[in-house]
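Structural characterization, general
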Amino acid sequence: MYWRSLFVLIILGLATPGFAIDVHELVEKANFTSYYQGNGGKAKVSMVISDKGGATRNRDFVILRRDDDQDSAKTGDQKFFVYFTRPADVNKTVFLVHKKVEADDDRWLYLPALDLVRRIAAGDKRTSFVGSHFFYEDVSGRNPREDEHELVEETSNYYVLKSTPKNPKSVEFAYYKNWIHKKTFIPVKTEFYEANGEPYRLYEAVKVESVQGFPTVTQSRMSDLKTGGKTEMSYGEVQYDIGIPDDIFTERYLRNPPRKLLR
Amino acid sequence: MQFLSETSVRHPKVTVSLIGVMAIVTILLAALPSVMPEVFSFLHPVSVDTDPENMLAKDEPVRVFHNEMKSTFRLYDMIVVGVTNPGNDNGVFNPESLKKVFELAEAVKEMRWKNADGEMEGVVDVELMAPSTVDNIQPGSLGTVQFEWLMPEPPTTQEEALSIRDKAKRLPMFDGTIVSDSGDALALYVPLTSKDVSYQVATKIEKKASEFGGTEEFYVTGLPVAQDTFGVEMFVQMAVSAPLAMLLIFILMWIFFRQITIIISPLIVAMVSVIMSMGLLVINGNTIHIMSSMIPIFVMPIAVLDSVHILSEFFDRYQKSKDRYKTLSLVMDELSAPMFYTSLTTCAGFASLALTPIPPVQVFGIYVSLGVFFAWIFTVTIVPAYIALLPESSLQGFGLTHSEDEEHLSWMGRAVKALGPFTYNYAKPILLLVVILGVISAYGISQITINDNPVKWFTKTHKIRVADRVLNEKFAGTYMAYLTLSPGEATTSFEVQKNHLREKLSALGENVVPQILAEFDKQAEGVSNREELLAKLKEQFSEQLDAASDETFEAWEDAMLALETEKLDLEVFKQPEVLRYIADFQKYLLETGYVGKSNSLADVVKTVHRELYLGEQEKFSIPDSVQAVGQTLVTFQNSHRPNDLWHFVTSDYRTTNLWIQLKSGDNKDMSALVSAVEKYFAEHAPPQPLNHNWFGLTYINVVWQQKMVSGMLEAFLGSFIIVLIMMVFLFRSLVWGVLSMIPLTVTIAIMYGILGLIGKDYDMPVAVLSSLSLGLAVDYAIHFLARSRHLRAQYSSWKETVEAMFGEPGRAIARNVIVIGVGFMPLLAAPLVPYQTVGALISAILLLAGIATLLILPAILRLIEPIAFSNIRKEER
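Residues numbered from 1 in each chain as written. Chains lettered and ligands numbered in written order. Predicted model: local features only at pLDDT ≥ 70, side-chain atom pairs only at ≥ 80, totals over all residues.

Observations concerning the overall build of chain A
A tally of helices and strands in chain A yields 5 helices and 13 strands. In terms of C-alpha radius of gyration, chain A reaches 19 Å, essentially the compact-globule figure of 18 Å for 263 residues. Principal axes of the C-alpha set define a box for chain A whose edges measure 55 × 45 × 35 Å. Looking at the 263 residues of chain A, the share that counts as buried comes to 33%. Sequence separation of at least 24 residues holds for 45% of the intrachain contacts in chain A that already meet a minimum separation of 6. (Helix = DSSP H or I, 4+ residues; strand = E, 2+ residues; numbered from the N terminus. Rg over C-alpha atoms; globule rule 2.2 N^0.38 Å. Buried ≥ 20, exposed ≤ 12 C-beta atoms within 10 Å, placed from the backbone. Contact = placed C-beta atoms within 7 Å.)

Below, the structure written as structure tokens:
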């Protein structure tokens, strides 16, 4: 599969010699700035889910991230520890992910009130992330290898990528477009389309700040264009390179979260 | 009053042209804004409204609440598409049928379009409930929980097909809703942006389904489809039945009068009256509703009625003098007063409907009343003017040549003539029979069931009725009613709440407890409610939290959490004991027998809880803490359709919504359910005070029905009294006034008695007809009594008067009964039940009223002759 998409990319590269950047490189860079900057990191996230009618729901959580490959320039396997603090009834609920590039991710959910650790079956990652308009895949990152990418437009500030799934049955979109900032390689906008060419889902990076020298999205928004609902995530107290030990990301720590790290 | 007809006879051309211009102007004013909306935007175009919801005023509380809740719980009006396959042992659960279901769902998603205002309308695709668009939650391998589309793609093997069935049957939300109780059929629930598009969407679905071929059957139903389809067929009905009724009336008049040219005049009267009343209705911006669509059918016979009296009289007298002006003058002299009064009473009967609390019925009453008024004016002007305009030759051979010669009388004339002596000789037995019938009717009336059901407006063989029957046999019910619960008045005092919170805080991490409590007491001073206290504490605690050392951080964090947890008490529908109460209530609902199934937040919690414990059946229960409920619900929201939760509860968890599926849309069943629910809440106190409120179309129908029944009864009694007063005034006698009310009273009693005895439901058309019978039945009595009094003065006794009465006056009444009674028969062939009911009842009412008038009145007059005619004798002297 990999060589084939590469082949496609080469053909495309030949067909559109006007673009100054290699598509594969572009995808790789965008993926890196979105999920791999720094050697691990931490953020306090405040999520506001709102309806078309204006009713809102909040979810507050802390995300810890560790990259398996400590060489910070690579995009490889990762681990995420998502610790919920609010609303009060889900306090101490944990969502743990072992993200794998070559295989299905492992995911666990810890529900403290039932004292229950459950693995979440591999498979569909395009389900809602705790009731928000973000999908699980949006939070941990979609594997670029699952799509064919082509550079369709270049503006003064952005590269516009069109990505088409290799296995259309596994996803609900027909294709998506990514607006990648030329200097920072941050995808500032992603639009998901239906087969009829209508966009129905929109991701926007609302605010980008420099944290420890890394351009970081500190506010993002996912909108459901059909229902008019949207979810905003604000990232506070972002820290990179804090050296989170590997054993935190194990089942044992679900029941006894590292409270100091999560403060 | 004769002034009008005399003027018209003198200036026939002017009269006819004036009325013609009036009619044309009305047509233009009513039609132009629809034909050329840009040019005539200041006028009202024709607008059709088939929504029974509009039986209630827009600001009616129950309707306002209904719409509010629909938007709160994101509910849409839905079309139900049922799929069965009688040709396969597993029903639709085979690869081939499921492929069709899959394709149908894909096609349905695309059934949306931009309307004139650029807004999307049609199917709300994201809310479509079909096997391919809903989530299955189940334990996966290796102790995992799994969310997956129930049918992500059509199965390829029989095993896969059956596994889809088994998965759906495990989930209470789907069992009996998406998959049938019998496990062989599927249903798709198609939400619509608005009810108005349901006919369009239903037609598209039927078209798509018809392309599949094979042994599958597709049934399309649901209240919105029924209502919208009714609207479409209503117009077909209006276009067919009304002209057909007109034609039949025309044929009958021809049989009686044998002169085409003459009988055209009543038709003109009827047409112009209908044009004027319907035209004004449209011009004034009223919608054409199920009720108002019946206006022409009501106005037509009434309009013809008076003309038949004039023509009948003219027919019987013309040959005596061969002078049309003289005959006309005689006829009008005799008929003016009764015609005026009969029109006035009919107007009063219909106008009384304006007193009902139901807007479409008010409009109906007012415009029929107007139509009757127009009919009177046109009858006394057009008919005489028309006769005056006729060339002499066309009147030759018109009318009875020897009116008193029995040989030349028709069968009808002979029958009527024989009736006279009969009433004279058998007065007492006739009245005895009336009394017996009255008693039987009274019993019948006591047996009447008040009931309506929009789906039953279609005949039994109509595809909507068939779909309704099949789907309600197989599934848990296609009629939706919703019950909301919300917290009532809080019972715990602030003081108790405060102490409770303080206790909770004092149990936290030791190192900071004194500080926390000190802060608490400081903030609690002067605060009078919990919200305020919590807000103040939160502010203080979060400052402390930010400044806390690593040692005290946890304690302050726990203190903050304690505050937040306190707020959870407000989330009433996360409380385990409340959810258990709801679950018990749902069991009771099933036991009532009216409910096929109900779904609630409790079902969602129980199902997810079970799946979290890998499908253990004993875990199909509500967990014990509010946190556990909350976490179960968050788990549910990790699915493809997290927002399905908000169909059951608001995001503050302070209003919850139960979906109740009924197998019957009969108002009487819904009413019975409402009472059963009242009883349950009265007998079983919830863990904390809860208010309950119904909404949903099935419930709304009940509310307007109740209003209609009581409103109609009041309107009927009101107009009865008004008409009685008018009669007393007309005859200047209490006795004669009361007499004139007897035939209609007997008619209505027998009518409704029969309905009760044969078990026909008292529904909307039946209710409206009581006013019609009041207005029409009194007409015959007025004519009969007025003529009797008139004639009695010319004869020496009632015995002689009877002979004369059952000559020309009796024939006029009989002709009327036959013309109009038979004229309504075409309605019996209608595919819509309300029209059939109207047709059958009008015919029956007229027949009964005619018979009652011709039998009862002379029988009574025979017995009370001395009292009734005492005044006349004095006049004679």
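Observations concerning the sheet that holds strand β7 (residues 186–192) of chain B
Residue and element names in this part refer to chain B. With antiparallel pairing, 3 strands are arranged side by side in an open sheet as β7-β2-β8. One side of each edge strand has no neighbouring strand; the edge strands of this open sheet are β7 and β8 (217–221). The average undirected angle you get between the axes of adjacent strands in this sheet is 20°. Where strand β2 (residues 77–84) lies against β7, 7 bridges are found, and the strand directions are antiparallel. (Pairing = 2+ DSSP bridges. Axes fitted to C-alpha atoms, helices over the stretch in contact; angles between N-to-C directions.)

Let's talk about the sheet that holds strand β12 (residues 656–662) of chain B
Residues and elements named next belong to chain B. Taken together, 4 strands build an open sheet; the order of strands is β11-β12-β10-β13 and the sheet is antiparallel. Lying at the two open borders of the sheet, with one neighbouring strand each, are β11 (595–599) and β13 (690–695). The mean inter-strand angle of the sheet, taken between neighbouring strand axes irrespective of direction, is 25°. Relative to β12, strand β10 (residues 479–487) is paired through 7 bridges, and the arrangement is antiparallel. When the sheet's bridge partners are listed, T484 is paired in β12 with N657.

Re the interface of chain B and chain A
Taken together, the contact pairs 36 residues of chain B with 30 residues of chain A. Broken down by secondary-structure element, the contributors of at least two residues to the side of chain B that touches chain A are β6 (144–149), α19 (550–568) and α22 (626–636) of chain B. Looking at the side of chain B that touches chain A, the element that brings in the most residues is α19(B), giving 8 residues. Partitioning the side of chain B that touches chain A into residue classes produces 13 nonpolar, 16 polar and 7 charged. One ladder, built from 2 bridges, connects strand β6 (residues 116–120) of chain A with β6(B); its direction is parallel. Following the sheet pairing, R119(A) is matched in β6(B) by T144(B). (Nonpolar A, V, L, I, M, F, W, Y, C, P; charged D, E, K, R; others polar.)

Here we look at the confidence of the model for chain A
Keep in mind that low pLDDT regions are not for reading the predicted coordinates in detail. Taken as a whole, chain A shows an average pLDDT of 87; of its residues, 91% reach a score of 70 or greater. For the stretch residues 8–17 of chain A, pLDDT sits under 50, and the model shows 8 contacts to residues farther than four places along the chain or on other chains. (pLDDT = per-residue confidence, 0-100.)

Examining unusual backbone geometry
Residue and element names in this part refer to chain A. Between R86 and P87 the backbone carries a cis peptide bond, its omega angle lying at 0°. Within the secondary structure, P87 sits in the loop between β3 (78–86) and β4 (94–99). Positive phi values are uncommon outside glycine, yet K92 reaches one of about 80°. Locating K92 in the fold gives a position in the loop between β3 and β4. Under the C-beta neighbour-count criterion, K92 is labelled partly exposed, with 18 such atoms within 10 Å. In the Ramachandran plot, D115 falls in the positive-phi region, its phi being about 45° despite a non-glycine side chain. Position of D115 among the secondary structure elements: in the loop between β5 (106–111) and β6.

What about helix α13 (residues 411–425) of chain B?
Residue and element names in this part refer to chain B. Look at α13: 22 Å from first C-alpha to last across 15 residues, which is about the 21 Å you get at 1.5 Å a residue. When α13 is considered as a whole, its buried residues turn out to be G413, V416, G420 and T423. On an axial view of α13, the arc spanned by its buried residues comes to 90°, and they lie on one face. α13 presents W411, R414 and A418 as exposed residues on the side facing more than 90 degrees away from its buried surface. (Expected span 1.5 Å × (residues − 1). Arc of directions from axis to C-beta.)

Notes on the packing of helix α7 (residues 223–257) of chain B against helix α8 (residues 260–283) of chain B
Axes are the key here: two packed helices are described by the angle between their axes and the distance separating the axes. Residues and elements named next belong to chain B. α8 packs onto α7 with a crossing angle of 145° between their chain directions and a minimal axis gap of 9 Å. Regarding α7 and α8, the two cross each other, and that crossing is right-handed. Contacts between α7 and α8 involve M246, F250, M253, W254 and F257 from the former and I260, I262, I263, P266, L267 and A270 from the latter. (Left-handed = near helix turned anticlockwise from the far one by under 90°.)

Let's talk about the packing of α7(B) against helix α28 (residues 808–823) of chain B
Residue and element names in this part refer to chain B. For the pair α7 and α28, the least separation of the axes is 8 Å and the interaxial angle reads 150°. Considering the angle they form, α7 stands roughly antiparallel to α28. Crossing of α7 over α28 shows right-handed handedness. Residues A245, L248, I249, L252, M253 and F256 of α7 form the contact with α28, whose own contacting residues are R815, I818, V819, V822 and G823. (Parallel < 35°, antiparallel > 145°, perpendicular 65-115°, else oblique.)

Considering the nonpolar core
Residues and elements named next belong to chain B. In terms of nonpolar packing, the biggest core is built from 282 residues, with I79, V190, V299, M300, A481 and I845 touching the most fellow members. It is helix α11 (residues 359–389) that contributes the most residues to this core, 18 residues altogether. Beyond its immediate chain neighbours, meaning those up to four positions away, M300 contacts A242, A245, M246, A270 and V274. (Core = buried A, V, L, I, M, F, W, Y, C linked by C-beta atoms within 7 Å.)

Regarding the confidence of the model for chain B
Residues and elements named next belong to chain B. Chain-level statistics for chain B give a pLDDT mean of 86 and a share of 97% at 70 or above. Ignoring residues within four places in sequence, the model shows residues 873–877, a span with pLDDT below 50, making 2 contacts including any to other chains. We note a pTM of 0.86 for the whole complex and an ipTM of 0.89 for its interfaces.

Re the environment of V470(B)
Residues and elements named next belong to chain B. Within the element layout of this structure, V470 appears in helix α15 (residues 463–474). Taking the number of C-beta atoms within 10 Å as the measure of exposure, V470 has 17 and is therefore partly exposed. Separated by 87 residues in the primary sequence, V470 and V383 have C-alpha atoms spaced 55 Å apart. Residues within four places of V470 in sequence aside, it is in contact with G82, T84 and Y219.

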